[in-house]
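One letter stands for each residue in the lines below.
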Amino acid sequence: MAHAIPTVVSGSAAPPPAQRRSRTGYILLFPGIAWLLVFFAIPLVTLFATSLQVPVPGKPGYFEPGLQFSNYATAMSEYWPQFVRSLVYAGIATALALVIAYPLAYFIAMKAGAWRSFLLVLVVAPMFASFLLRTYAWKTILADDGWITSTLNSLHLLPDHRVLNTGIAVVAGLTYNFLPFMILPLYASLSKIDPRLIEAGGDLYASPIWTFAKVTWPLSLPGVVAGTLLTFIPATGDYINAQLLGSTKDHMIGNAIQINFIQFRDYPVASALSFVLMAAILILVFSYIRKSGTEEIV
Amino acid sequence: MSTAEHRVDDLHLRHLTKRFGETAAVDDLTLTIAAGSFFALLGASGCGKTTTLRMIAGLEDPTSGSIHIGDLDVTNVPPHKRPVNTVFQSYALFPHLDIFENVAFGMRRRGLKDVNGPVMSMLELVELAPLARRKPAQLSGGQQQRVAVARALINRPDVLLLDEPLGALDLKLRRQMQIELKRIQTEVGTTFVHVTHDQEEAMTMADTVAVMNSGRIEQLGHPADIYELPRTAFVANFLGQANLVEAEIVSASAEVVAQAHGNTFTLPGDRNFAKHKQVIVGVRPEKLTVLDHFNAHLVPDSNNRVTGRVTDVSYAGVSTQYVVRTPWEQDFIAFEQNMVVGDRCEVGDEVVLHWSPSHTFGLDGTQDVNAGISAEALEETRAASSLGGE
Ligand SMILES: Nc1ncnc2c1ncn2[C@@H]1O[C@H](COP(=O)(O)OP(=O)(O)OP(=O)(O)O)[C@@H](O)[C@H]1O
Ligand SMILES: [Mg+2]
């Protein structure tokens with residue numbers, strides 16, 4: 001009991017626990033905020049400023065600060081097709097990745113038993129090779145004299161008689177390259193499902209298909225949302241796949257940005273394109289998250 | 001809820017066996033569970049209770065044997081087509097659905113359209129109607145348990161399987177839910193198969209108790225019958241407590257006489273299950289009378305008796321528990337009702353324990369007398385008796 005008095009005194013001198021805890025929170029947040037500020041917020045502002053610059057008269061490739069909002073109109077009118085193509089290609093690739101990844105993740109999470117970790121290593125193993133290298137490999141796989149193209153041709157399935165340098169190749173490359181980003185979140189949410197819930201579905205007269213539709217699928221939605229976002233967002237902005245596997249007719253917005261930055265040195269248009277892309281993705285993502293109502297799902 | 005017209009059938013398990021690799025979790029189980037009865041499956045952890053239930057529900061394929069409901073062989077029927085529902089050990093409520101939808105799940109899957117009325121009246125039965133729109137995570141353990149019962153029961157299964165549904169609840173809520181479950185069972189008349197390792201729960205709730213040990217049923221019957229006349233040392237020790245003495249039969253006719261440590265015990269022939277001379281003579285603690293040795297002459301001549309010294313007395317309100325050390329260093333336990341004031345024996349007193357032969361039972365002497373006592377409990381009594389000696 002004698003110890004109680006000094007404790008009370010020192011307690012009243014120090015800030016109340018709740019306040020102390022929130023201060024610890026801020027301290028822990030600091031590195032992250034500093035990082036975001038230096039490497040995200042400041043470049044973002046710079047990028048925005050660049051997108052409004054005006055050309056210096058008589059000096060091509062040189063720009064000075066300005067407020068030329070028409071840069072956006074120029075950029076969009078010129079690169080509208082690439083922009084739409086990006087969203088379409090990324091959308092198809094995401095849908096394909098989901099269709100391929102879901103059964104795979106389901107198998108690994110529910111049926112693989114002791115093989116789980118081995119199979120997960122296999123899923124991420126391709127990522128140990130460079131992105132560029134893997135995409136080059138697809139050039140060989142889809143080559144005009146390769147077995148895939150010749151098989152598809154013998155079945156008369158290809159309108160252009162080739163795969164490489166078409167949109168099909170670009171979508172295939174995107175699907176392949178971002179597949180692990182779909183599998184891993186799906187696996188994470190599927191492996192969290194209590195197998196007894198699936199048994200309970202069967203016990204309550206749901207056939208395996210109904211149990212999947214009413215129990216497994218809804219409970220895996222957080223993984224579906226995370227996986228589709230992690231696939232769709234980088235796929236939309238990607239330019240390597242379109243550059244290596246597609247023709248100029250298959251270029252995406254990433255290629256347009258890259259060409260304007262590196263080749264044409266038209267920094268304002270490149271920046272404007274980047275900004276529109278970012279805004280479009282943000283709007284899409286937010287409406288998607290709202291619609292799928294992830295916070296509703298436990 | 002009218003249930004009178006709801007016809008239910010007996011559940012038959014025949015030579016049901018389940019092996020996981022080498023070990024038999026359930027070993028050649030044959031039993032019939034009467035329609036509409038409250039059947040308790042009682043046994044220590046790992047004895048195969050859950051495996052038995054899972055086979056009845058169709059969640060586990062038997063290695064051999066068959067399961068019939070009435071004349072219908074359901075052994076190979078998938079779970080969603082069996083007239084059986086389960087209340088899972090951890091409830092397994094669907095976290096993404098509210099209480100109403102959890103309870104409606106089975107009816108919807110069977111394609112029934114008008115679920116509103118039945119679901120609400122079922123929720124009323126378990127007194128949860130006001131919480132219909134809550135998610136399971138927003139309910140207390142006891143409420144979740146009632147949802148799990150409602151979700152299973154609404155389907156009017158022939159058999160309701162309950163896998164230790166009260167295991168996670170505290171003692172008070174547990175007693176309350178025991179009464180509740182019993183009430184619901186009486187009201188709907190469905191066959192309940194209730195798994196538990198709480199012997200008191202099994203005895204108070206069930207019409208029939210089966211004591212299970214290592215995948216086999218050791219004894220099955222009305223709780224009082226099993227308690228009064230256990231057939232094996234495991235049952236004697238697992239269901240309540242028992243004083244067991246290893247003895248040798250010296251004469252057997254209508255009355256069996258056995259001897260051990262210079263004492264003679266008699267018991268009716270029909271209460272003896274020893275096949276050979278070796279016998280375990282047993283008696284329940286509450287059947288013993290404790291007398292100070294000065295009053296030894298009051299013991300009826302026909303009664304069995306044992307002398308010893310009191311090593312522990314614990315007063316528990318309605319009764320007093322005595323631990324009495326016999327000359328051959330065995331501890332006898334006796335429960336005495338506290339009906340006389342100021343006449344209790346004390347630690348160190350020399351006493352005579354006596355009981356009627358009709359309360360005595362004889363078990364096959366080849367088994368382990370300590371079967372059914374957990375290792376910790378054995379350790380505890382050993383520690384307590386060595387303390388009591390000082
Ligand atoms: N899937 C399985 N694979 C291997 N062995 C199993 C499996 N399921 C159960 N067993 C074994 O079968 C035996 C019986 O298990 P079961 O779950 O039926 O016990 P229980 O009586 O329900 O125990 P508890 O009271 O602890 O729930 C145990 O020895 C257990 O280890
Ligand atoms: Mg169990």
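Thresholds applied
- Residues numbered from 1 in each chain as written.
- Chains lettered and ligands numbered in written order.
- Predicted model: local features only at pLDDT ≥ 70, side-chain atom pairs only at ≥ 80, totals over all residues.
- Heavy atoms only, no water.
- Helix = DSSP H or I, 4+ residues; strand = E, 2+ residues; numbered from the N terminus.
- Rg over C-alpha atoms; globule rule 2.2 N^0.38 Å.
- Buried < 20%, exposed > 50% of the residue type's maximum accessible area, 1.4 Å probe, protein only.
- Contact = heavy atoms within 4.5 Å.
- Areas by Shrake-Rupley, 256 points an atom, 1.4 Å probe, with all protein chains shown as cover.
- Lys, Arg positive; Asp, Glu negative; His and termini not counted.
- Charge placed at Lys NZ, Arg CZ, Asp CG, Glu CD.
- Phe/Tyr/Trp six-rings, centres within 6.5 Å; stacked < 30°, edge-to-face > 60°.
- Lys NZ or Arg CZ within 6 Å of the ring centre and 35° of its normal.
- Pairing = 2+ DSSP bridges.
- Axes fitted to C-alpha atoms, helices over the stretch in contact; angles between N-to-C directions.
- Core = buried A, V, L, I, M, F, W, Y, C linked by side-chain atoms within 4.5 Å.
- Buried area = accessible area lost by both parts, 1.4 Å probe.
- Salt bridge = Lys/Arg side-chain N within 4 Å of Asp/Glu carboxyl O.
- Nonpolar A, V, L, I, M, F, W, Y, C, P; charged D, E, K, R; others polar.
- Domains from an automatic or database assignment.
- Polar contact = N/O pair within 3.5 Å; in protein donor to acceptor, adjacent residues only side chain to side chain.
- Expected span 1.5 Å × (residues − 1).
- pLDDT = per-residue confidence, 0-100.
- Near = heavy atom within 4 Å.

**Student:** I keep staring at the overall build of chain A and nothing clicks. Help me out?
**Tutor:** In terms of regular secondary structure, chain A is built from 12 helices and two strands. Its helices and strands taken in sequence order, chain A reads α-α-β-β-α-α-α-α-α-α-α-α-α-α from the N to the C terminus. Relative to its length of 298 residues, chain A is extended, with a C-alpha radius of gyration of 26 Å against a globular reference of 19 Å. With respect to the principal axes defined by its C-alpha atoms, chain A has extents near 85 × 65 × 35 Å. Going through the 298 residues of chain A one by one, you find that 39% of them count as buried. For chain A, restricting intrachain contacts to residue pairs at least 6 apart in sequence, the fraction spanning at least 24 positions comes to 67%. For chain A, the accessible surface area stands at approximately 17100 Å², while carbon and sulfur atoms represent 73% of it. For chain A, the separation between the mean place of its 17 positive charges and that of its 13 negative charges on side chains is 10 Å.

**Student:** What's the story with the packing of aromatic side chains in this structure? I'm lost.
**Tutor:** Centre distance and the angle of the planes are the two values used to describe a pair of aromatic rings. Counting across every chain of the model gives 18 aromatic pairs over all chains. Measuring from centroid to centroid gives 6.4 Å for Tyr106 of chain A and Phe212 of chain A, while their planes differ by 70 degrees, and the two rings are edge-to-face. Placement of the pair is Tyr106 of chain A in helix α3 (residues 70-111) and Phe212 of chain A in helix α9 (residues 208-237), with a sequence separation of 106 residues. By relative accessible area, Phe212 of chain A is classed as partly exposed at 31%. Joined through ring pairs, the aromatic side chains of Tyr102, Tyr106, Phe212 and Trp217 of chain A make up one cluster. In this structure, Arg110 of chain B is placed above the aromatic ring of Tyr205 of chain A, and the distance from its NZ or CZ to the ring centre is 4.9 Å. If you follow Arg151 of chain B out to its NZ or CZ, it ends over the ring of Phe94 of chain B, 4.8 Å from the centre.

**Student:** How should the sheet that holds strand β7 (residues 159-163) of chain B be read in this particular structure?
**Tutor:** Sheet strands pair by backbone hydrogen bonding; their relative direction is either parallel or antiparallel. All names here are of chain B. Strand order across the open sheet formed by six strands is β6-β7-β8-β3-β9-β10, with mixed pairing between neighbours. A single partner strand is all that each edge strand has here, and the edge strands are β6 (84-87) and β10 (216-221). Between one strand axis and the next, the sheet turns through 20 degrees on average, direction left out of account. With five bridges joining them, β7 and strand β8 (residues 191-196) adopt parallel strand pairing.

**Student:** Explain the nonpolar core here, please?
**Tutor:** Soluble globular proteins tend to bury their nonpolar side chains together. Leu186 of chain A together with Leu11, Leu13, Phe94, Leu161 and Val193 of chain B are the most contacted members of the largest nonpolar core, which has 53 residues in total. Here this core gets seven residues from one element, more than from any other, and that element is α3 of chain A. When residues no more than four places from it in sequence are discounted, the contact partners of Leu11 of chain B are Leu31, Thr32, Ile33, Ile56, Ile67, His68, Ile69, Val159 and Val193 of chain B. Core analysis: the next-biggest nonpolar cluster, separate from the first, contains 49 residues, Met122, Ala129, Ala148 and Leu169 of chain B among them.

**Student:** Explanation requested: the interface of chain A and chain B in the structure shown.
**Tutor:** Often the size quoted for an interface is simply the accessible area lost on bringing the parts together. Counting residues at the interface gives 19 residues for chain A and 25 residues for chain B. Summed over both partners, the interface of chain A with chain B comes to about 2000 Å²; 64% of that surface belongs to carbon and sulfur atoms. The largest share of the area that chain A buries against chain B comes from Asp203, Leu204 and Tyr205 of chain A, three residues that together contribute 39% of it. Between the two partners, chain A and chain B, sit one salt bridge. Arg54 of chain B is the partner of Glu199 of chain A in a salt bridge, and the nearest nitrogen-oxygen pair spans 2.7 Å. Of all the secondary structure elements, the ones that give two or more residues to the side of chain A that touches chain B are α8 (195-203) and α9 of chain A. With seven residues, the single largest contributor to the side of chain A that touches chain B is α8 of chain A. Tallied by class, residues from the side of chain A that touches chain B come to 11 nonpolar, three polar and five charged.

**Student:** Just to check I follow, could you spell out the domain arrangement of chain B for this structure?
**Tutor:** Residue and element names in this part refer to chain B. Entries for chain B in the domain assignment read domain 1 (11-224) and domain 2 (232-388). Facing the 11 residues of domain 1 at the interface are six residues of domain 2. Summing both partners gives a buried area of about 760 Å² for domain 1 against domain 2, and 74% of it is carried by carbon and sulfur. In this assembly, domain 1 and domain 2 are joined by zero salt bridges. Summed over the shared surface of domain 1 and domain 2, the number is two residue pairs in polar contact (both at pLDDT 80 or more). Looking at which element gives the most residues to the side of domain 1 that touches domain 2, the answer is strand β9 (residues 208-213), with three residues.

**Student:** How do you make sense of helix α4 (residues 141-153) of chain B when you look at a structure like this?
**Tutor:** Along an α-helix, residues three or four positions apart point the same way, because every turn accommodates 3.6 residues. Residues and elements named next belong to chain B. The end-to-end C-alpha distance of α4, which contains 13 residues, comes to 18 Å, matching closely the 18 Å that a straight helix rising 1.5 Å per residue would cover. For α4, the buried fraction is high: 10 of the 13 residues fall into the buried class. For α4, the full list of buried residues reads Gly142, Gln145, Arg146, Val147, Ala148, Val149, Ala150, Arg151, Ala152 and Leu153.

**Student:** How should the confidence of the model for chain B be read in this particular structure?
**Tutor:** Residue and element names in this part refer to chain B. The predicted model of chain B averages 87 in pLDDT, with 94% of residues at 70 or higher. Mean pLDDT values for the elements of chain B range from 63 in helix α9 (residues 375-388) up to 96 in helix α2 (residues 99-109). Across the interface, the model reports ipTM at 0.79; the global pTM reads 0.80.

**Student:** Can you help me understand unusual backbone geometry in this one?
**Tutor:** Of all residues except glycine, most have a negative phi; of all peptide bonds, most are trans. Positioned with a positive phi, Tyr205 of chain A is a non-glycine residue whose angle comes to about 70 degrees. You can see Tyr205 of chain A is positioned in the loop between α8 and α9. Unlike most non-glycine residues, Ala92 of chain B shows phi in positive territory, near 50 degrees. Within the fold, Ala92 of chain B resides in the loop between β6 and α2. Owing to a relative accessible area of 4%, Ala92 of chain B belongs among the buried residues under this scheme.

**Student:** Looking at this model, I keep getting lost on the site of ligand 1. Mind explaining?
**Tutor:** Residues and elements named next belong to chain B. Lining the immediate surroundings of ligand 1 are Phe20, Ala25, Ala44, Ser45, Gly46, Cys47, Gly48, Lys49, Thr50, Thr51, Glu164 and His197. Contact between ligand 1 and Gly46: an oxygen atom at 2.7 Å from a main-chain N or O atom of the residue. Contact distances for ligand 1 include 2.8 Å between an oxygen atom and a side-chain N or O atom of Lys49. Calculation on ligand 1 without its partners gives an accessible area of 640 Å², and the protein chains cover 58% of this total. Top element by residues in the shell around ligand 1 is helix α1 (residues 49-57). It accounts for three residues. The residue inventory of the shell around ligand 1, partitioned by class, reads four nonpolar, six polar and two charged.

**Student:** How should the domain arrangement of chain A be read in this particular structure?
**Tutor:** Residues and elements named next belong to chain A. The domains assigned to chain A are domain 1 (30-68) and domain 2 (78-297). Inter-centroid distance (C-alpha atoms) of domain 1 to domain 2 is 31 Å. On the domain 2 side, the residues contacting the eight residues of domain 1 number 10 residues. Of the roughly 740 Å² buried where domain 1 meets domain 2, counting both sides, 83% is carbon and sulfur surface. It is Leu47, Ser51 and Phe63 that lose the most area in domain 1 upon contact with domain 2, and together they represent 54% of the buried surface on that side.

**Student:** Explain the sheet that holds strand β14 (residues 278-283) of chain B to me, please; I cannot follow it from the model alone.
**Tutor:** Residue and element names in this part refer to chain B. Sheet architecture is open: five strands sit in the order β13-β12-β11-β14-β20, paired in antiparallel fashion. Where the open sheet ends on each side, the last strands, each with one partner, are β13 (263-268) and β20 (361-364). Each adjacent strand pair in this sheet contributes to an overall mean axis angle of 45 degrees, direction not counted. As paired strands, β14 and β20 are joined by four bridges and run antiparallel to one another. Residue pairing in the sheet places Ile280 in a bridge with Leu363 of β20.

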